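Working through the structure, step by step
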Amino acid sequence: MTPNAPPASLSQRFALAAAILTAAAVLLIAGVSFWLIDHQRIQANALLQQREVAFHATTVGRNLEVLTTRVAEVANSPILATALVDSAGKETYLTPFLHGLRQMNGIPLQLLFTDFEGKEIASNGVPGFTEADLAWLRARIESGDERPALQSGPKGDELIAVNLLRYSRTRTPEGALMVKIRLADLKPVQWASFARTDARADVARRGAPDVHEIAAAVPLPKHLAHLGLQLREDERHLAAPLDAAAPQYLLIVGVAAVLALVVFLLASRLALGLTQDLRRLQAFSASLGDEGISSQRAPLEGSLEVVGLAGALNRMLDRLYEQHVHLEAERQKFLQLSNNIPQLVWIADPQGNIMWFNERWYEFTGVAPGTMDPNDWHAFHDPDQLPQVRRRWEAALASGEMAQMTFPLRGADGRYRNFFTSVAPLRDAGGAIVQWFGTCTDVTPLERAERAVRYSEERLQQGLVAARMAVWERDPSSGQVSFSANLHSVFGKSWHNVAELWRLVDADDREQVRELTERALREGGEYRITPRIRRADDGNTAWIDIRGRLGLGPDGRSTVMHAVAIDITERKRAEEALRLADRRKDEFLAMLAHELRNPLAPIASAADMLRLAYADEPRVKQISDIVARQVAHMRHLVDDLLDVSRVTRGLVTVNRKPIDLRTAVGEAIEQSRPLIDARRHQLQVRMAQQPLMVDGDHTRLVQVAANLINNAAKYTPEGGLIEVALDAVDGRAQLMVRDNGSGIGQDLLPVVFDLFTQGSRTLDRTQGGLGLGLALVRKLVELHGGRVDAASPGLGRGSTFTVRLPLLA
């Protein structure tokens, strides 16, 4: 057989082996034919003798079965049951009944009928029961065991049995029927003998040269089977039916030749038949893999070996199918994961040919899925950077190591976006590269964000420098401080140690700064302080507004103190200048009020003298009245200026004492009554029924209420409505003055209580002012521990002023 020749099939080898065996069989048949015929004759004679002995044993077994059946019928006879309860009739019917049972089927036997204690009631008149037999009977009655037994007797082996009499009224035996038979009476022929079954003794006897016995087991009834009784006969007393048959030798040779020819011709057919299940299994295994791993399995039929092979193959297919299902599920998970992540994912073979792209790739490039060739990815790269990308990719393929790079890719809209690409190899157990996995992450938003952050940081630095502001972070645990780059613009120097900041703080402010910062660190709160510092560059004193708050650090877990420092030196200087100007303004107003008040007195006196001297002159009297009225108005304005000047400079004191606020409001209404009547206003007053006691200056509170009522009268057209309400609300006295006059604009409402603030004048406003009344009202109310508020729906819709003062307990 040539090395490339296919191996012979199992059927061919089987046919060849069958032909060889056939030839050998012919030779063996020819050689042993004579011995075989003689041996078969001897075996046939022995078989016939064995069957004769077996027939005798069967006869004995049937006799024993008839005896046991008949004895059982006797035991179940109502005659014995009656005798158990009626001993008087024993001689009448029981004894004759048992005496008629001395033989059964020609076999003599001994019967004994006893009570439940084993005491004799009657027998069949055949003596022979010994004390040992009675003792055996009593033991059987006590144990309830009815199994027969073999025992040695004076005249040879005996079979002894018992039938326990049980009835439905009791559970224990009420009597017994014992029977005994000599085994010698059961022998079918004189030379026969009985023995117990003993395999080892039987083998030893057959091997002895002087033993010619043939044994056959006696087919005993079921309840006698444990006795294992054998019948043995001497084969020399048995006839040999077959003699030597020499003429049959030629027939045997002819039959052997024919059989050899038939076996040889049918060898191939037999081989095909015997290997049919193997060929079926081979055809099934050859079909595997054509359509992938499916649920098809090999049939479990044929020989035991083929069934075993088919079962092993099916178990292997089951495991492969389970692995295939598991791998398919994992593949679906991988596809779902790779298609749902925002990255572009691709897979390449060991040579670098890209075999698969995820859906994000097709969505980004706009290419239809499944239409990409292995080298089409070149078309989406920037031509200027494609050579460098190819070199990096080829270097990764050559080294077999992971590689990372960043390059632009063109999207479906024709624009290029930067992608961070990571490529990693997948190796098998031997270390060989099986596939390459690559991911492309769009970093364009990140780069834009980084540029925006850099631009924002630059703007922040410029803003900090322009605002003369510096920031820093301090780690309470390590003490590490991180300052902004423009620290020198605020403190005149940059440093990295907070200790230098303490040396710059003014000695008078240093302890306060330390106490506030440590309290904020300890209590987890914030602080604000404005210390003076000595700049490190020129030594000038600067005011720094420092604000700090405890918050999260860059890692999001630790806590740091965030602080911002603002140079407010210019603001401090401006505030100081404003305070100086305000003080000079107050001094100027006081001086102006005093200087204006001095000439008013002689002017008022001159007007009175003219009115008295020229009382009969209407023209002079009219002029003097005008002068007196205007002088009174000027005196009122000058008094307001003096009051405001005193209040702003802290020169006004209030003489507090418990007063009823209703009295002060009533006097204010009386003072304002002439103006209200002159303009024909409707005045509605609602006073609380109970006293409203406050701790205040009666004169000043009358002035507050009068100013509010006069202000309402001035800004309300003739015939308008003015409401004055006084009541207790939430433990405070509340005075409310409401009108339906010109109202207050939204631009004027926030500053209506400032000095020199006035609404627009109208032609009917005959009572002018300097805008001091409401400012004076607020100052006086605040001196009493209260507050005043103004509200208006808008121009032309009236206004409401509300004063709230604390009530006495």
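Residues numbered from 1 in each chain as written. Predicted model: local features only at pLDDT ≥ 70, side-chain atom pairs only at ≥ 80, totals over all residues. Heavy atoms only, no water.

1. Remarks on the confidence of the model for the protein
Residues of the protein with pLDDT of at least 70 account for 71%, and the chain-wide mean is 75. Within the model, pLDDT remains below 50 along residues 1-6, and this stretch shows one contact once partners closer than five positions in the same chain are excluded. (pLDDT = per-residue confidence, 0-100. Contact = heavy atoms within 4.5 Å.)

2. Description of helix H4 (residues 131-143)
With 13 residues, H4 extends 18 Å from end C-alpha to end C-alpha; this agrees with the ideal 18 Å at 1.5 Å per step. Where H4 is buried, its residues meet strand E3 (110-115), strand E5 (149-153), strand E6 (156-165) and strand E7 (175-182). Looking one or two places after H4, you find Gly144, whose phi comes out positive at around 75°. (Helix = DSSP H or I, 4+ residues; strand = E, 2+ residues; numbered from the N terminus. Expected span 1.5 Å × (residues − 1).)

3. Here's the deal with the packing of helix H18 (residues 698-714) against helix H19 (residues 773-783)
For the pair H18 and H19, interaxial distance at closest approach is 10 Å and the crossing angle is 145°. For the element pair H18 and H19, the recorded crossing hand is left-handed. Residues Arg700, Gln703, Val704, Asn707, Leu708 and Asn711 of H18 form the contact with H19, whose participating residues are Gly773, Leu774, Leu776, Val777, Leu780 and Val781. Considering only residue class, the contact of H18 with H19 consists of seven nonpolar, four polar and one charged. (Axes fitted to C-alpha atoms, helices over the stretch in contact; angles between N-to-C directions. Left-handed = near helix turned anticlockwise from the far one by under 90°. Nonpolar A, V, L, I, M, F, W, Y, C, P; charged D, E, K, R; others polar.)

4. So, the sheet that holds strand E28 (residues 799-806)
Pairing is mixed in the open sheet, where five strands are placed in the order E23-E25-E26-E28-E27. Edge positions in the sheet fall to strand E23 (682-686) and strand E27 (787-791), since each of these pairs with one other strand and no more. Averaged over all neighbouring strand pairs, the angle between strand axes comes to 10°, with direction disregarded. Judged from the five bridges that link them, E23 and strand E25 (residues 721-729) form a sheet pairing that is parallel. Across the sheet, residue Gln682 finds its bridge partner in E25, namely Leu721. Along the sheet, helix H17 (residues 661-678) makes contact with E23, E25, strand E26 (732-739) and E28, crossing E25 at roughly 175°. Sheet strands touched by H19: E27 and E28. Its angle to E27, the strand with the most contacts, is close to 145°. (Pairing = 2+ DSSP bridges.)

5. Side note on unusual backbone geometry
Phi is positive for Arg680, which is not a glycine, with a value near 55°. According to the relative accessible area criterion, Arg680 is exposed, its value standing at 55%. (Buried < 20%, exposed > 50% of the residue type's maximum accessible area, 1.4 Å probe, protein only.)

6. What to know about the sheet that holds strand E9 (residues 213-217)
Pairing between sheet strands relies on hydrogen bonds along the backbone, with the strands arranged either parallel or antiparallel. With respect to topology, three strands assemble into an open sheet ordered E8-E10-E9, the strand pairing being antiparallel. Taken across any chain shown, the strands that pair with only one partner, and hence form the sheet edges, are strand E8 (193-196) and E9. When the angles between neighbouring strand axes are averaged without regard to direction, this sheet yields 35°.

7. Concerning the packing of aromatic side chains
All chains considered together, the criterion is met by six aromatic pairs. On the basis of an interplanar angle of 80° and a centroid distance of 5.9 Å, the ring pair of Trp361 and Phe380 is categorised as edge-to-face. Here Phe380 lies in the loop between helix H9 (359-365) and helix H10 (386-399) and Trp361 lies in helix H9, a separation of 19 residues in the sequence. Neither residue differs from the other here; Trp361 and Phe380 are each classed as buried. Residues Phe364 and Phe419 carry aromatic rings whose centres are separated by 5.0 Å and whose planes lie at 75° to one another, so their mutual orientation is edge-to-face. On the criterion of sequence distance, the pair formed by Phe364 in helix H9 and Phe419 in strand E14 (residues 416-427) is long-range, its members being 55 residues apart. Comparing Phe364 with Phe419 shows no difference in burial state: the two are buried. (Phe/Tyr/Trp six-rings, centres within 6.5 Å; stacked < 30°, edge-to-face > 60°.)

8. Comments concerning the pattern of salt bridges
Inspection of every chain in the model, using the stated rule, returns 14 salt bridges. The closest approach of N and O atoms between Arg147 and Asp145, which form a salt bridge, is 3.1 Å. (Salt bridge = Lys/Arg side-chain N within 4 Å of Asp/Glu carboxyl O.)

9. Some details on the side chain of Asp382
On the secondary structure map, Asp382 appears in the loop between H9 and H10. Within the buried set, Asp382 has no salt-bridge partner at all; the shortest N-O distance to an opposite charge, 8.4 Å, is to Arg410. In contact with Asp382, other than residues within four places in its own chain, are Pro408 and Tyr416. (Lys, Arg positive; Asp, Glu negative; His and termini not counted.)

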